[in-house]
Amino acid sequence: MFMVLLWLLGTGAAEGVPVHGCRCTACVEARRNPLYRRRQATYLVDTGNLVMLLDCGSQEVIHKELLDVEVDYVFISHPHLDHITGIHDLRWSKQSKQPTLVINRKFMYCDEMAYLVPRLRIFSVDYYEEGSVYRLSDGTRILPVRLRHGDLPTYGFIVDCGKVIAYLLDTKGLPQESLKLLREYSIDVALVDSTFGSGYVSDAHNTVVEALEFSRMLNVKRLVLTHISHNIAGGMREIEELVRSYVREFSISCEILIALDGMEIHL
């Protein structure tokens, strides 16, 4: 029996890690150890029948890990460049089948998408709507979930392909209606925005501790901290300590993973 593969190809925030010219702890450790380098948001789901990308922010991924992978669908959560830039390099793909780019119609009012979409000649373009289920050719169900990311319309996705994946980037907490919807599911793995370290104030992204709170808000078996920036003063060590402290304090039972580029999760 085929297991669903969730492949984390780009687990960083917009600037990636390391950042050009930066000498913070996270950037220094990423220069010393490639394991801690992070590219922009790119996540692959292989159901055994088809391959989909959840966002495609890294051009490097297209020319390395995905060089010989045939992609069926690309879902875009929102039109910030660190979530769509990799699509540009798929414009010249020679894969044997036509992939489908799936976006929300509201994104076409954004300059980035209005420029990019007409040039994606190898793609068919389709649209998902808030409150409606999008069905893939193999029966997989994708349910868009409204997120809280400043003033920009941004969506997460509930991917139900026999296993349930919750994709929750970029967000600061969750709107109440989205939280209510997510609680209706037994989630096998949740990918959660974990952009900043302790004490960082943002109306668009979680801190690591705010991301950890999703472990108590949702019925989830594995919580994956991802979309990690260099704005975490202690780097990986700080994240690990925050996780240990949180698990001890609240007796968390679900598995908590700190995302790394290249990490594979088999469901």
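On a predicted model such as this, the values are computed, not experimentally measured, just so you know. (Residues numbered from 1 in each chain as written. Predicted model: local features only at pLDDT ≥ 70, side-chain atom pairs only at ≥ 80, totals over all residues. Heavy atoms only, no water.)

(A) Highlighting the overall build of the protein. What the protein contains, in helices and strands, is eight helices and 14 strands. Compactness check: the protein gives a C-alpha radius of gyration of 17 Å against a globular reference of 18 Å for 267 residues, within 12% of the reference. Reported as C-alpha extents along the three principal axes, the dimensions of the protein are approximately 50 × 45 × 40 Å. Scored against the burial criterion, the 267 residues of the protein give a buried share of 57%. When contacts within the protein are restricted to residue pairs at least 6 apart in sequence, long-range pairs at least 24 apart make up 66% of them. In the structure as shown, the protein presents an accessible area of about 11800 Å², 49% of it carried by carbon and sulfur atoms. One finds the centroid of the 28 positive side-chain charges in the protein at a distance of 1 Å from the centroid of its 34 negative side-chain charges. (Helix = DSSP H or I, 4+ residues; strand = E, 2+ residues; numbered from the N terminus. Rg over C-alpha atoms; globule rule 2.2 N^0.38 Å. Buried < 20%, exposed > 50% of the residue type's maximum accessible area, 1.4 Å probe, protein only. Contact = heavy atoms within 4.5 Å. Areas by Shrake-Rupley, 256 points an atom, 1.4 Å probe, with all protein chains shown as cover. Lys, Arg positive; Asp, Glu negative; His and termini not counted. Charge placed at Lys NZ, Arg CZ, Asp CG, Glu CD.)

(B) How the structure looks around the environment of P118. With respect to the secondary-structure elements, P118 resides in the loop between helix 4 (111-116) and strand 6 (124-127). Judged by its relative accessible area of 53%, P118 falls in the exposed class. When the C-alpha positions of P118 and C161 are compared, they lie 30 Å apart, and in sequence the two are 43 residues distant.

(C) A look at the sheet that holds strand 14 (residues 264-266). One open sheet holds the seven strands; their spatial order is 6-5-4-3-2-1-14, and the pairing between them is mixed. Taken across any chain shown, the strands that pair with only one partner, and hence form the sheet edges, are strand 6 and strand 14. For this sheet the average axis-to-axis angle between neighbouring strands, irrespective of direction, equals 20°. Where strand 1 (residues 5-10) lies against strand 14, three bridges are found, and the strand directions are antiparallel. Residue pairing for strand 14: L6 is matched across the bridge by I265. Relative to the sheet, helix 3 (residues 81-89) contacts strand 3 (51-56) and strand 5 (100-103), its axis offset from that of strand 3 by approximately 125°. (Pairing = 2+ DSSP bridges. Axes fitted to C-alpha atoms, helices over the stretch in contact; angles between N-to-C directions.)

(D) The pairing of strand 10 (residues 164-168), seen in detail. Most of strand 10 sits out of view: five of its five residues are buried. Of the two faces of strand 10, the one carrying V164, A166 and L168 and the one carrying I165 and Y167 are both buried. Bridge count between strand 9 (residues 155-160) and strand 10: four bridges; the pairing is antiparallel. Bridge pairing in strand 10 links V159 to I165. In the sheet, strand 10 pairs with strand 11 (residues 187-193) via four bridges, with the strands oriented parallel. Pairing of I165 across the sheet is with V189, part of strand 11. Following the chain from strand 10 across helix 5 (residues 176-182) to the adjacent parallel strand 11, one finds a crossover that is right-handed. (Right-handed = clockwise from strand over helix to strand, strands pointing away.)

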